[in-house]
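One letter stands for each residue in the lines below.
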Amino acid sequence: MASLRQRSWFSGLVTGTVGFAAVAAVTEPLRAGGLAPLAALAVVAGLIGVPVARAEWRRREPGRTTRERAIAALGEVLLVAWLAAVWADVRPGLAGAAAGLGIWLVSWGLVRLRSDWSVFGLAVLCLLQACLGALMGWVEAPPWSLLQPDWTRWNEWLPWSISTGLLLASAGLAHWSRGAPPPPGTGQVPWMPAGLALLAVLGAACRAGSRFEADLAMELDPIAVGVAALAVGAAASAAQVSTPNPGRTALLGGALALWFGGPGAAGVDWLLAVWLPAGLAIGAGALALSLRGVSRLVAAIGTLLALVSLALGWPGVPESPPQAVAAALTGVGLLWIAGTRALLEAK
Amino acid sequence: MIAVVTLLVGLAHASIELETPPARGERTVVVLQELDGRPRGGQTVRVVHRPGLAGEREVAIGITDGLGRVRWTPEIAGVAEVRAGDETLRLHVAWPGTPIDTAVVLVLLAVAGLGAATWGAVGRNPRRR
C-alpha cells in the first residue's frame, strides 16, 4: 500500500495547508471590500498563481547553482516569516509570541512523530472547522452585510488579494522545489492547494460575517482565534514536512514568532506589505528567467503583479526610528538567513 | 407594540426604541425616552448604515417630536446604528430577500474552490501520462 507521501494529492494538500493560514488575516480585507477582495484573490490564484506553480512543479529539481539555492531558501524563509507575521497580527504582544513559539514547537513534535498523518489530520480538521463555523454562523445570522462586495475601494484590498492569491498556490515561493518529486501524470495537482485554501478562507469569511451581523463584532472571537491557531499550526507542520530539515524550520519559525511579538512588532506591516511581495517578485522573476514561451509570460505577469502589490500597499516611511529599525532588520535578517542557508547548502 | 429592541448604554440617560423591527422600505418609528419614561423631544436622530465597513453611510432621520418620536423608513438593509445624542442603538435592518449580487459572488467562489480542489485531486495531465 502506497504511503501518503506517494499519493499524487499529498503535495497539493501540503501546500494547501499553508494557504489555510490566510484565514487568520481575512477580517481587514472583508471590512474594506466584502467578498470583492476574495474574488480578486481567486482570479489571481487561478489565472496566475496556479499556472506559475505548475511551471515550478514541472521543473521541480534541487537547486544546482548558488542562485537557485538562494531563491529556494528565500521562498522557504518568506513562507515561515509570513506564517509568523500572520499569527503576530492575530495575537500581538508577548503572550501571542509565546503562543506562536508553542505552535511551532507542537507542529515540530507532530512532524517528528508522524509527519504525513499530522499534516493530513490538521488539514482535515482545519477544513472541517472552517465549514462548520460558517454553517453554525449562518444559522445564527446570514452574513450579508460584511460580505457585500464593494469594488470601489480596490486600492485598499488589492495588495492583499494579489499577495495572498499568489501565496495560495505557492507561486514564486520556490516551495515546490522542496520535498519528494511529484509522481508522473499529476500536472493538475497545483489546482488543489488553491481550491482548498480558497474554501478555508471563504468559511472564515462567512463565520466573521455572521458574527458581525449578530453583534457588530469585528475583532476575532475565541473560536476564530482557535481556528487561526489551528490553521497556522497546520501550515507550520506542512512547511516542515516539505523541507529537508524540519527542526531548523521550526527553530526559525519560533524565533520569528518571538521577534514579531516583541521588538520586531513594527516589522509585521512591512513584512506583509513590502518584503513578502518583493520576495514573491524575486521568486517569480527568477522562474521567468529560466522558462520559455507561455510559462515565461505567465511568470513575468506574476512578477509584475507582485510589484503592483508592493507599490499599492507601500506603507510609507516608518514614523519613528524604532519602527524603521524593526522594518529594516526584518528585511535584512530574512535576506541574510536565506543567503547563509544557500551558501551552507552549497558546501 | 413598543420596545421591540432596546439598548441602555452604560451611564446613558435615555433609551432608543423602535416600534417595529426595521426592514428596508418599511416605515417604523424611533422612540426616544428618558430612563424614567418621559419622552425626549427636539433631539436629532441619525442612522449609520454599515458602520465600520466599506460603504458606511450616515443619514439624518429627523428630529423627535414632543412624544419623543420620529418616523424612519430604512433605505439600506443590513447592520446599522441609530444615534441620538450620546445614545446609540445597534440594530439589523432586515433584507427584503437574499441579496443577489453577494449570493452570486459567494456561490461562484465556493464552486471555484470546490472545483479547483477536486480537479487538482482527481485530474490528470494527459501529456504527462
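A quick note: this is a predicted structure, and the numbers were derived from the prediction, not measured.

Calculation criteria
- Residue positions are given per chain, counted from 1 along the sequence in the order it is written.
- The naming scheme follows written order: chains are lettered A onward, ligands numbered 1 onward.
- Two thresholds apply to this predicted model, a pLDDT of at least 70 for residue-level local features and 80 or more for giving and counting side-chain atom pairs, whereas whole-chain, interface and lining totals are computed over all residues.
- The basis for every side-chain value is the complete set of heavy atoms in the structure, and neither hydrogens nor water enter the calculation.
- Helix and strand definitions here come from DSSP, where helices need a minimum of 4 consecutive H or I residues and strands a minimum of 2 consecutive E residues; each element is numbered from the N-terminal end.
- Partly exposed residues are those whose accessible area sits between 20% and 50% of the maximum for their type, while under 20% is buried and over 50% is exposed, using a 1.4 Å probe and protein chains only.
- Method for areas: the Shrake-Rupley scheme with a 1.4 Å probe, in which residue coverage is limited to the protein chains shown.
- Contacts are assigned to residue pairs that have any heavy atoms within 4.5 Å of one another.
- The buried area of a pairing is the accessible area, by a 1.4 Å probe, that goes missing from both parts when the two are put together, added over both.
- Any N or O atom pair separated by 3.5 Å or less is treated as a polar contact, with the protein-specific requirement of one donor-capable and one acceptor-capable atom, and with residues adjacent in sequence counted only for side-chain atom pairs.
- In this classification, the charged set is Asp, Glu, Lys and Arg, the nonpolar set is Ala, Val, Leu, Ile, Met, Phe, Trp, Tyr, Cys and Pro, and all remaining amino acids, among them Gly, are polar.
- For every element, the axis is a line fit to its C-alpha atoms; helices are fit only across the contacting stretch, and the angle between N-to-C directions ranges from 0 to 180 degrees.
- An angle counts as roughly parallel when it lies under 35 degrees, as roughly antiparallel when it exceeds 145, as roughly perpendicular when it falls between 65 and 115, and as oblique in every other case.
- When the near helix sits turned anticlockwise from the far one by under a right angle, the crossing is termed left-handed; a clockwise turn instead gives a right-handed crossing.
- Ring geometry is summarised as follows: Phe, Tyr and Trp rings, the Trp one being its six-membered ring, pair when their centres sit within 6.5 Å, and such pairs are stacked at plane angles under 30 degrees, edge-to-face over 60 and tilted between the two.

**Observations regarding the overall build of chain B**
Helix and strand counts for chain B come out as one helix and eight strands. Reading chain B from its N end, one meets helices and strands in the order β-β-β-β-β-β-β-β-α. Counting across all 129 residues of chain B, residues that qualify as buried make up 43%. Roughly 7,000 Å² of accessible area belongs to chain B as shown, and the carbon and sulfur atoms make up 55% of that amount.

**Structural notes on the interface of chain B and chain A**
Taken together, the 34 residues of chain B in the interface contact 38 residues of chain A. Interface of chain B and chain A: buried area, both sides summed, is about 3,100 Å²; carbon and sulfur atoms make up 68% of it. Counting the contacts that link chain B with chain A gives five residue pairs in polar contact (both at pLDDT 80 or more). Mapped by element, the contributors of at least two residues to the side of chain B that touches chain A are β7 (78–84), β8 (87–93) and α1 (100–122) of chain B. A per-element tally of the side of chain B that touches chain A places α1(B) first, with 15 residues. The residue inventory of the side of chain B that touches chain A, partitioned by class, reads 17 nonpolar, ten polar and seven charged.

**Points about the packing of helix α7 (residues 154–168) of chain A against helix α12 (residues 293–312) of chain A**
Residue and element names in this part refer to chain A. Relative to each other, α7 and α12 sit at 140°, their axes nearing to 9 Å. By the criterion of interaxial angle, the relationship of α7 to α12 is oblique. When the axes of α7 and α12 are compared, the crossing they make is left-handed. In this structure, α7 uses W154, L158, P159, I162, S163 and L166 to contact α12, whose residues at the interface are G302, L305, A306, V308, S309 and L312. Classifying every residue of the contact of α7 with α12 gives nine nonpolar, three polar and no charged.

**A closer look at the packing of aromatic side chains**
Residue and element names in this part refer to chain A. By the definition in use, this model includes five aromatic pairs over all chains. Note on W151 and W157: the rings are 6.4 Å apart at their centroids and 75° apart in plane angle, and the pair reads as edge-to-face. Since its relative accessible area comes to 4%, W157 is described here as buried. Taken together, the ring pairs connect W270, W275 and W314 into an aromatic cluster.

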